[in-house]
Amino acid sequence: MIPSVLPTYNRAPLQFVKGEGTWLIEADGRRFLDLGAGIAVNALGHAHPALVEALTTQAQALWHVSNLYEIPQQQALADKLVDNTFADTVFFTNSGTEACELAVKMARKYFYEKGQPERIEILTFDGSFHGRSSAGIAAAGSEKMTKGFGPMLPGFVHLTFGDLDGVTNAITDKTAAIMIEPVQGEGGIRPVPDAEMKALRQICDEHGLLLILDEVQCGVGRTGKLFAYEWAGITPDIMMVAKGIGGGFPLGAVLATEDAASGMTAGTHGSTYGGNPLGCAVGCAVMDHVADAEFLAEVNRKSGLLRQKLEGLVADHPEVFESVRGSGLMLGLKCVAVNIDVVNAGYDNQVITVPAADNVIRLLPPLTLTDDDIAEAVARLDKAAALVETQLATA
Ligand SMILES: Cc1ncc(COP(=O)(O)O)c(C=O)c1O
């Protein structure tokens, strides 16, 4: 009999009932060190007092009114995002997938309004992930996500990750945009080198294309800059944001320049819940912390510390790990052993990591993790690796 919850996930048999900072407490009382942060969502950890305060204060005042009216919390969050980024304007969504939908619509509408309606194609890359909607899976294009869900939304051209010549060769008079994650998350923590980001920007400028960045996973302080594009010294035309911006409250956004957004006039897009007072009150509190230079400097310092210790872990366990990669607190351990076995051995040692493609385990801890948490994380991963070694020896 089908379970009452549609079985689209293979869930671990863990039921968390409480969260405190970097820790999750299981129903049986065990404490787990959370290096997953709900897949890069709990940027300020669990039950951060400022977020609890923002949510409860707003909950006591007003939950929802719809976008038929002005929403001061939404205005405030949009202003913070505009003040701190390349963007001139913001549309709020409830998720990264919805942000992807709007990014695609916005790019196509841009060229339609400019009198080039034939420019509908968006170039994307293998290993990418842009959500599970019809546009999201068509954009990513992998068999794993698209099989059985056809017909696919047309207008996406799938290219090899890292192949710049392939990008140039794929551009035709139908091309509208390039869409890319500055650091692939689901694809296995694969950063796009700064030089390549710069080259993509240049290609877009030369051919009049829009550069769409998907910073759903790598944005909001995750890489040690407020947004990852800053590392390359470039700016996009359109950017998708979600996950960390809500700190655990479902919230996403599309940020855009005035020019890129010029086709999106009244009535062209909407959302009942997007940008509602609860989500935006929390989003403002997240931004107040994460957009702070000292906070980001700490993310970079802790990234260096964690990375250094992880290099030692990899060296100590060559049968389990191959290498460390990533940026900021978005790190991947490329495994020699089967990555799921390492994640499961982590559960046995009460440390949470997240599997990704390319046989990688992801470490996406709360950006607020402490130096003690880092030491504890590596100690627990060390035990997990030893467990995998024992399993390999007895297999
Ligand atoms: C890069 C990227 N884009 C889009 C999405 C989809 O976001 P959501 O699951 O919030 O719809 C994700 C989710 O993992 C993501 O990592």
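Above this text sits the structure in question.
Residues numbered from 1 in each chain as written. Predicted model: local features only at pLDDT ≥ 70, side-chain atom pairs only at ≥ 80, totals over all residues. Heavy atoms only, no water.

Once that is clear, we can look at the overall build of the protein. Of the regular secondary structure elements, the protein holds 13 helices and 17 strands. For the protein, the C-alpha radius of gyration of 21 Å lies close to 21 Å, the compact-globule estimate for 395 residues. Looking at the protein as a whole, 53% of its 395 residues are labelled buried. A sequence separation of at least 24 residues applies to 71% of the contacts in the protein between residues at least 6 apart. For the protein, the exposed surface amounts to about 17,300 Å²; the carbon and sulfur share of it is 54%. Here the protein contributes 29 positively and 48 negatively charged side chains, and the mean placements of these two sets differ by 3 Å. (Helix = DSSP H or I, 4+ residues; strand = E, 2+ residues; numbered from the N terminus. Rg over C-alpha atoms; globule rule 2.2 N^0.38 Å. Buried < 20%, exposed > 50% of the residue type's maximum accessible area, 1.4 Å probe, protein only. Contact = heavy atoms within 4.5 Å. Areas by Shrake-Rupley, 256 points an atom, 1.4 Å probe, with all protein chains shown as cover. Lys, Arg positive; Asp, Glu negative; His and termini not counted. Charge placed at Lys NZ, Arg CZ, Asp CG, Glu CD.)

Most of strand S12 (residues 252-256) sits inside the fold, with five of its five residues counted as buried. Bridging between strand S4 (residues 89-93) and S12 involves five bridges; their strand directions are antiparallel. Looking at S12, one finds that Thr89 is bridged to Ala256. Pairing of strand S11 (residues 238-241) with S12, which is carried by four bridges, proceeds in the antiparallel orientation. (Pairing = 2+ DSSP bridges.)

Looking now at unusual backbone geometry. Of note, the amide linkage connecting Gly150 to Pro151 takes the cis form, showing an omega dihedral of 0°. One can find Pro151 in the loop between helix H6 (143-146) and strand S6 (156-159). Its identity as a non-glycine residue notwithstanding, Ala40 has a phi of 65°, on the positive side. Along the chain, Ala40 falls in helix H1 (residues 37-40). What makes Ala40 buried here is its relative accessible area of 3%.

Strand order in the open sheet formed by seven strands is S4-S12-S11-S10-S7-S5-S6, and the pairing between neighbours is mixed. Sheet topology places S4 and S6 at the edges, where each strand pairs with a single neighbour. Averaged over all pairs of adjacent strands, the angle between strand axes in this sheet comes to 20°, irrespective of strand direction. Where strand S5 (residues 121-125) and S6 come together, four bridges link them in parallel fashion. In the strand pairing of S6, Leu123 is matched with Val157. Along the sheet, helix H4 (residues 96-113) contacts S4, S5, S6, strand S7 (175-180), strand S10 (210-214), S11 and S12; its crossing angle with S11, the most-contacted strand, is approximately 165°. Packing of helix H8 (residues 194-207) onto the sheet brings it into contact with S7 and S10, and relative to S10 it is tilted by some 145°. (Axes fitted to C-alpha atoms, helices over the stretch in contact; angles between N-to-C directions.)

Let us look at the sheet that holds strand S13 (residues 321-327). The four strands are arranged S13-S14-S17-S16 in an open sheet whose pairing can be described as antiparallel. Of all the strands in the sheet, just S13 and strand S16 (354-356) have a single pairing partner and so form its edges. Pairs of neighbouring strands in the sheet enclose a mean axial angle of 30°, with direction left out of account. In the sheet, S13 pairs with strand S14 (residues 330-335) via six bridges, with the strands oriented antiparallel. Looking at the pairing, Phe321 lines up with Cys335 of S14. The strands touched by helix H11 (residues 293-316) within the sheet are S13, S14 and strand S17 (360-363), with S13 carrying the most contacts at an inclination of about 165°.

The values reported here are purely geometric and, on their own, carry no functional implication.
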